[in-house]
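The chain contents come next:
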Amino acid sequence: MARRKLLMGNWKMYKTVAQARAFAEELGRQTSRLSPAVDYAVCPPFTALHALRVILPSCVKLGAQNVHFAEEGAYTGEIAPGMLTELGVQYVLVGHSERRNVFHEPDAWMRQKVAAVAAHGMTPVLCVGEDLAEREAGRTLAVVEAQTVSGIADVRAEQASQMVIAYEPVWAIGTGRTPTPADAQEVIAYIRQVVAREKGEAAAAGVRILYGGSVKPDNIAGFTSQPDIDGALVGGASLDPSSFVAMAEAV
Ligand code: PEP
C-alpha cells in the first residue's frame with residue numbers, strides 16, 4: 001500500500017493558548033484547501049494541546065514535542081505517555097535535535113521513548129540527523145544509521161512499520177540552509193535500508209520518513225516529490241496558517 005504523505009508542524013516554544021486558538025480558527029476557514037489524501041499534524045507546546053483538541057479542524061491531528069517514557073513518577077517537569085493519549089495526541093516527536101543537543105537527552109532514552117509512545121497507541125516521530133562537523137567529516141550516513149538503529153531497537157517490526165522517522169540535518173534547522181532534494185533522498189533511502197535490515201522489508205516499506213530543516217512553501221515540493229520522502233517536519237514556516245496551507249497544497 002502506498003505511504004500517505006504527512007505534513008507536520010513543530011511549533012517549538014512558540015504560541016500561547018490564545019495564539020494557538022487563532023491559528024486553528026484561521027486554518028478552519030481554509031480547510032477546503034487541505035487535501036484528504038494527505039495527513040496533517042501540528043505539535044504545539046503542551047499548554048495548548050487541550051485547547052487545540054477542541055478547535056483544530058478534524059483533518060489536522062495533534063502531536064506532542066516530547067514525552068517521558070515512564071508511566072508516572074517523581075519526574076518534575078515531565079509528561080507521561082498516558083497524559084498525552086488522554087488529550088487526543090496522535091504523534092509524538094522523539095529525539096528532536098534541540099532535545100538531544102540543548103537539553104542533552106541521551107541516545108539511550110530515545111528507544112525507550114519510541115517504545116513507550118508506540119505501546120500507548122500513538123505514532124513516534126523519531127528525529128535523526130547529523131551536525132555540520134559530522135557532515136563535513138563525511139559521517140552523515142554513519143550518524144543517521146546509529147541513531148536509527150538505536151531509536152528503533154525496542155519496537156517490534158509491525159510497530160516500526162507504523163512509525164515515522166524525520167531526517168533533520170542539524171545544520172539545516174532554522175538556518176535557511178538545506179541539502180538538495182537529491183541529497184536528502186539519498187540519506188532517507190539509506191535510512192529505509194537500515195530499517196529493512198533491522199526490522200524487515202515490510203517495516204521498511206511502511207515506515208514514513210520525512211525531511212525537516214528550513215522547509216518552506218517554495219521548497220517543500222522539491223523534497224516531497226522524491227521517491228523515499230514521505231512528507232516534511234516543519235518548524236518556523238508552520239507557525240503561520242497561510243504558510244501551513246501553502247505547504248499543504250504543495251506537498
Ligand atoms: C524543526 O524544528 O524540526 C525544524 C525543521 O525547524 P525549521 O523548519 O524552522 O528549520
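The text that follows walks through the structure, step by step, so that each part is easy to find.

Thresholds, definitions, all that
Residues numbered from 1 in each chain as written. Predicted model: local features only at pLDDT ≥ 70, side-chain atom pairs only at ≥ 80, totals over all residues. Buried ≥ 20, exposed ≤ 12 C-beta atoms within 10 Å, placed from the backbone. Helix = DSSP H or I, 4+ residues; strand = E, 2+ residues; numbered from the N terminus. Pairing = 2+ DSSP bridges. Right-handed = clockwise from strand over helix to strand, strands pointing away. Near = placed C-beta within 6 Å. Nonpolar A, V, L, I, M, F, W, Y, C, P; charged D, E, K, R; others polar. Axes fitted to C-alpha atoms, helices over the stretch in contact; angles between N-to-C directions. Contact = placed C-beta atoms within 7 Å.

## A short note on the pairing of strand S3 (residues 60-64)
For step 1, the next point in the chain: Most of S3 sits out of view: four of its five residues are buried.
For step 2, the next point in the chain: Relative to S3, strand S2 (residues 38-43) is paired through three bridges, and the arrangement is parallel. Within S3, the position partnered with Val 42 by the bridge is Leu 62.
For step 3, the next point in the chain: Following the backbone out of S2, through helix H2 (residues 49-55) and into the adjacent parallel S3, one traces a crossover that is right-handed.

## Section: the site of the ligand
For step 1, the next point in the chain: Near the ligand lie 14 residues; those nearest to it are Ile 173, Gly 174, Gly 212, Gly 235 and Gly 236.
For step 2, the next point in the chain: Taken together, the residues of the shell around the ligand break down into five nonpolar, seven polar and two charged.

## Thoughts on the sheet that holds strand S8 (residues 231-234)
For step 1, the next point in the chain: Strands sit in the order S1-S2-S3-S4-S5-S6-S7-S8 around a closed barrel of eight strands; the barrel is parallel. Each adjacent strand pair in this sheet contributes to an overall mean axis angle of 25°, direction not counted.
For step 2, the next point in the chain: Sitting on the sheet, helix H7 (residues 140-151) is in contact with strand S5 (123-128) and strand S6 (164-167), with an inclination near 155° to S5.

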